[in-house]
Amino acid sequence: KMAANLASYAKHMGAGVGRLSQIIMERGQGSWVWATSGQKYLDFTSGIGVTSTGHCHPTVVKAAQEQTAKIIHAQVSVGYSVATLELIKTLLPIVPKGLDSFIFANSGSESVENAIKLARHATGKQNVIVFQGSFHGRTLGALSLTTSKTIYRNKFGPLMPGVYVTPFPYCLHCRSPCAGCKTTADCSCSHPIDDLKLLLKTQTTAEETCAVIVEPVLGEGGYVPLPPKYMKQLRQFCTENNLLLIADEVQTGFGRTGKLFAVDHYDVVPDIMVMAKGLASGFPLSAIVSRQELTAKQAPGSMGGTYTGNSIACAAATATQRVIQEENLVQNSDMRGKQLRAGLQKLKDSGEFPIRDVRGLGLMIGLEFNADQTGLASKVSKACFDQGLLLLTTSVFETVRFIPPLTVSAEEVDLALDKFTTALRAALK
């Protein structure tokens, strides 16, 4: 009766928010969530890569509870918060070497915009280069950088000017593939970097461009990792042309890809790195980290926000980092990711299913269906829901994404593979 009463209020939620289902989630623990109906679901969405330590990890819960009893809102423009400084102390040794200055916010979109503000201010230049298929957020500035789907941009213009788009090295959909580039991971051709160089000759000069922003693994664009060779070329390109390299690690950061940060796969250090999602296990917190030589140029008051670096969120983030380290979650992400990819690859190799590609790093895995299977990804997602598995689609191509908590067990991965296989067969009937 209570659930039915609550459900009557759902119609008062804005129609612009899309949903996988109409369930009302009541509680969560580890890799599982429970609806008010009593139904239990294996959550391979993690709140879109947020609950990396699983739902309601006791260490994180305890830290948040204790901080709530101390101070809830220590406003950043008034003074410093103990919780925020403790978090900086925790993050400094683990972020890429040379990055030593933090600016906190509440969401990935905010921190992406802070990164652009910093890049523009530090360089005195305006234009930004983004990649086709990228997703950097929904607020107007971040939305202007987003090219993964038109649904995010349609009728919200005019958007921020000065944004230029270059192709992402996505070999599966390359119109002029090289002989050796069967997958993006194998990509060794010069097309992507040549396209970037051409952009500086035809659309925006280095003298008016402040930065290139890139997701090391495309998120909403289809869970496509950058080729290792290209990431190094991109770093060199930015250095040679006096551009700042911004790594958007909102979804990839804090162990999601089997390394603490996705840039660690490439041995590349960006000038600015954006962090959110897995930072605080579900508490709204984001940040950018850069070099003090860049952030020191900004005047006090040019950055900030009412809820910036909220004390409870910062305490939860510090606890999250402790859990990641003490429970070896980066290693677990790598191992369980290999297990999951192997299981999905086995389905592809069986020939029974129209699977075109299985890809990803760690526990950030995309499975793309054949191009002629219009609507199949959504059908499979719905069929997975019917099997008690929460799984999201992504990309304009027919793709589903697997993003379980980093705490996921081998048994839960096997269970998810069983549920996915059953759902796939049901969707193809």
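No experiment lies behind these values; they were computed from the predicted model shown. (Residues numbered from 1 in each chain as written. Predicted model: local features only at pLDDT ≥ 70, side-chain atom pairs only at ≥ 80, totals over all residues. Heavy atoms only, no water.)

Colleague: Residue-level account of helix α12 (residues 376–386), with values.
Modeller: Owing to its 3.6 residues per turn, the α-helix brings residues three or four apart onto one side. For α12, the full list of buried residues reads Leu-376, Ala-377, Val-380, Ser-381, Ala-383, Cys-384 and Phe-385. Where α12 is buried, its residues touch β3 (40–43), β12 (364–369), β13 (389–390), β14 (392–394), β15 (399–402) and α13 (410–428). Once α12 finishes, Gly-388 follows within two positions and takes phi at roughly 85°, a positive value. (Buried < 20%, exposed > 50% of the residue type's maximum accessible area, 1.4 Å probe, protein only. Helix = DSSP H or I, 4+ residues; strand = E, 2+ residues; numbered from the N terminus. Contact = heavy atoms within 4.5 Å.)

Colleague: Explain the environment of Leu-285 residue by residue, including any values.
Modeller: Tracing the backbone through its elements, the reader meets Leu-285 in the loop between β9 (272–275) and β10 (286–290). The residues touching Leu-285, leaving out its near neighbours within four places in the chain, are Leu-87, Phe-104, Ala-105, Asn-106, Ala-276, Lys-277, Leu-279, Ala-280, Gly-309, Ala-313, Cys-314 and Ala-317.

Colleague: Which residues make up the pairing of strand β11 (residues 355–361), and what values do they have?
Modeller: Judged by how many residues are buried, β11 sits mostly within the fold: six of seven residues are covered. As paired elements, β11 and β12 share six bridges and run antiparallel to each other. In the strand pairing of β12, Ile-355 is matched with Phe-369. As consecutive antiparallel partners, β11 and β12 are separated by two residues, and within that stretch Gly-362 has a phi angle of approximately 55°, a positive value. (Pairing = 2+ DSSP bridges.)

Colleague: I'd love a proper account of the sheet that holds β11, names of residues and values included.
Modeller: Taken together, four strands build an open sheet; the order of strands is β11-β12-β15-β14 and the sheet is antiparallel. Two strands close off the open sheet at either side, each with one partner strand: β11 and β14. Pairs of neighbouring strands in the sheet enclose a mean axial angle of 30°, with direction left out of account. Strand direction decides the pairing type here: β14 and β15, joined by three bridges, are antiparallel. Within the sheet, the bridge partner assigned to Thr-394 lies in β15 and is Thr-399. In the packing of helix α11 (residues 329–350) onto the sheet, the strands contacted are β11, β12 and β15, and the crossing angle to β11 comes to about 170°. Where α13 meets the sheet, its contacts fall on β11, β12 and β15, and the angle it forms with β12 comes to roughly 20°. (Axes fitted to C-alpha atoms, helices over the stretch in contact; angles between N-to-C directions.)

Colleague: How would you sum up the nonpolar core? Please name residues and give values.
Modeller: Counting residues in hydrophobic clusters, the biggest one holds 91 residues, and the most contacted among them are Leu-234, Leu-344, Phe-369, Phe-402 and Phe-420. In terms of nonpolar packing, the next biggest core, distinct from the first, is built from 24 residues, Ala-122, Ala-142, Ala-211 and Ile-272 among them. (Core = buried A, V, L, I, M, F, W, Y, C linked by side-chain atoms within 4.5 Å.)

Colleague: Account for the pattern of salt bridges, with residues named and values stated.
Modeller: According to the stated counting rule, one finds nine salt bridges in the structure shown. With its nearest N and O atoms 3.1 Å apart, the salt bridge here joins Lys-382 to Asp-386. In this pair, Lys-382 and Asp-386 both sit in helix α12, four residues apart, roughly one turn of the helix. Each of Arg-235, Asp-271, Arg-291 and Glu-293 takes part in a single network of salt bridges with overlapping partners. (Salt bridge = Lys/Arg side-chain N within 4 Å of Asp/Glu carboxyl O.)

Colleague: I'd like a rundown of the sheet that holds β13, residues and numbers included.
Modeller: If you trace the four strands from one edge of the open sheet to the other, you get β1-β2-β3-β13, paired in mixed fashion. Of all strands in the sheet, those bounded by a partner on one side alone are β1 (25–29) and β13. The pairing of β3 with β13 spans two bridges and is parallel. Bridge pairing in β13 links Asp-43 to Leu-390.

Colleague: Report on the packing of aromatic side chains, specifying residues and quantitative values.
Modeller: Under the definition given, this model contains eight aromatic pairs. Between Tyr-170 and Phe-397 the ring centres are 5.9 Å apart and the planes differ by 85°, which places this aromatic pair in the edge-to-face class. Here Phe-397 lies in the loop between β14 and β15 and Tyr-170 lies in the loop between β6 (163–166) and α7 (191–202), a separation of 227 residues in the sequence. When its relative accessible area of 10% is taken as the criterion, Tyr-170 is described as buried. Given the relative accessible area of 32%, Phe-397 is considered partly exposed. Between Phe-254 and Phe-261, the aromatic rings sit 5.0 Å apart at their centres with planes inclined by 65°, giving edge-to-face as the arrangement. For Phe-254, a relative accessible area of 0% puts it in the buried group. According to the relative accessible area criterion, Phe-261 is buried, its value standing at 0%. (Phe/Tyr/Trp six-rings, centres within 6.5 Å; stacked < 30°, edge-to-face > 60°.)

Colleague: Which residues make up helix α4 (residues 82–91), and what values do they have?
Modeller: Inspection of α4 places Ala-83, Thr-84, Leu-87 and Leu-91 among the buried residues, and these make up the whole buried set. Along the axis of α4, the buried residues cluster in a sector spanning 100°; they form a single face. For α4, exposure combined with an orientation more than 90 degrees from the buried face picks out Val-82 and Lys-89. Summarising the contacts, the buried residues of α4 are in contact with α3 (58–68), β4 (101–105) and α10 (311–326). (Arc of directions from axis to C-beta.)

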